[in-house]
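Okay, here's what each chain looks like letter by letter:
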Amino acid sequence: MALPKQKTSKERRRKRRSHHQAVTASIKNCSQCGSPQLNHHVCPTCGSYAGREVVEMESPKKTKSE
Ligand SMILES: [Zn+2]
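Bear in mind the structure is a predicted one, so any value in this text is a computation, not a measurement. (Residues numbered from 1 in each chain as written. Predicted model: local features only at pLDDT ≥ 70, side-chain atom pairs only at ≥ 80, totals over all residues. Heavy atoms only, no water.)

Description of the coordination of the zinc ion
Tetrahedral coordination by four donors sets the ideal angle at the metal to 109.5 degrees; octahedral coordination by six donors sets it to 90 or 180 degrees. Rules: Donor selection uses N, O and S atoms within 2.8 Å of the metal (3.2 Å for Na, K and Ca). Since no water is included, sites may look incomplete. Four donors are marked tetrahedral only if all angles between them lie between 85 and 135 degrees, whereas four are marked square planar and six octahedral if opposite donors are more than 155 degrees apart and the other angles lie between 65 and 115; the remainder are marked irregular. A run of DSSP states H or I qualifies as a helix once it reaches four residues; a run of E qualifies as a strand once it reaches two. Both are numbered from the N-terminal end.
Protein coordination of the zinc ion is provided by Cys 30 (SG), Cys 33 (SG), Cys 43 (SG) and Cys 46 (SG), with donor distances spanning 2.2 to 2.3 Å. Viewed at the metal, the four donor atoms of the zinc ion are separated by angles of 107 to 114 degrees, and the geometry they form is tetrahedral. Taken in chain order, the donor set of the zinc ion reads C-x2-C-x9-C-x2-C. Linking Cys 30 in the loop between strand E1 (27–29) and strand E2 (36–38) with Cys 43 in the loop between E2 and strand E3 (48–49), this pair joins segments that are 13 residues apart in sequence.

Spelled out as structure tokens, the structure:
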């Protein structure tokens, strides 16, 4: 089994792990239906992306923009 030549110091280990923090999901409201959606994802409610419908939804919800 390969072994590290040197013990990783506490400082070096902590510096490496300083980039391991969790990030919150970036959520915005859909420009078409106004429901919350993840950025750079197709809207799960109305199936639109970049201002046009790209996925046909089976049961489109009635919203204030319609
Ligand atoms: Zn939408």
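Having seen the model, we can carry on.
A few points about the pattern of salt bridges
For clarity, the cut-off: A pair is scored as a salt bridge if a Lys or Arg side-chain nitrogen falls within 4 Å of a carboxyl oxygen belonging to Asp or Glu. For each residue, the accessible area found with a 1.4 Å probe, counting protein chains only, is set against the maximum for its type, and the residue is called buried under 20%, exposed over 50%, and partly exposed in between.
As enumerated under the stated definition, the model contains one salt bridge in all. A salt bridge links Lys 15 to Glu 11; the nearest nitrogen and oxygen atoms lie 3.1 Å apart. Within this pair, Lys 15 and its partner Glu 11 are both found in helix H1 (residues 10–17), separated by four residues, close to a single helical turn. No difference in accessibility class separates Lys 15 from Glu 11, as the two residues are exposed.

Here's the deal with unusual backbone geometry
A negative phi angle characterises most non-glycine residues, just as the trans form characterises most peptide bonds. The phi angle at His 40 is positive, at roughly 60 degrees, despite the residue not being glycine. Within the element layout of this structure, His 40 appears in the loop between E2 and E3.

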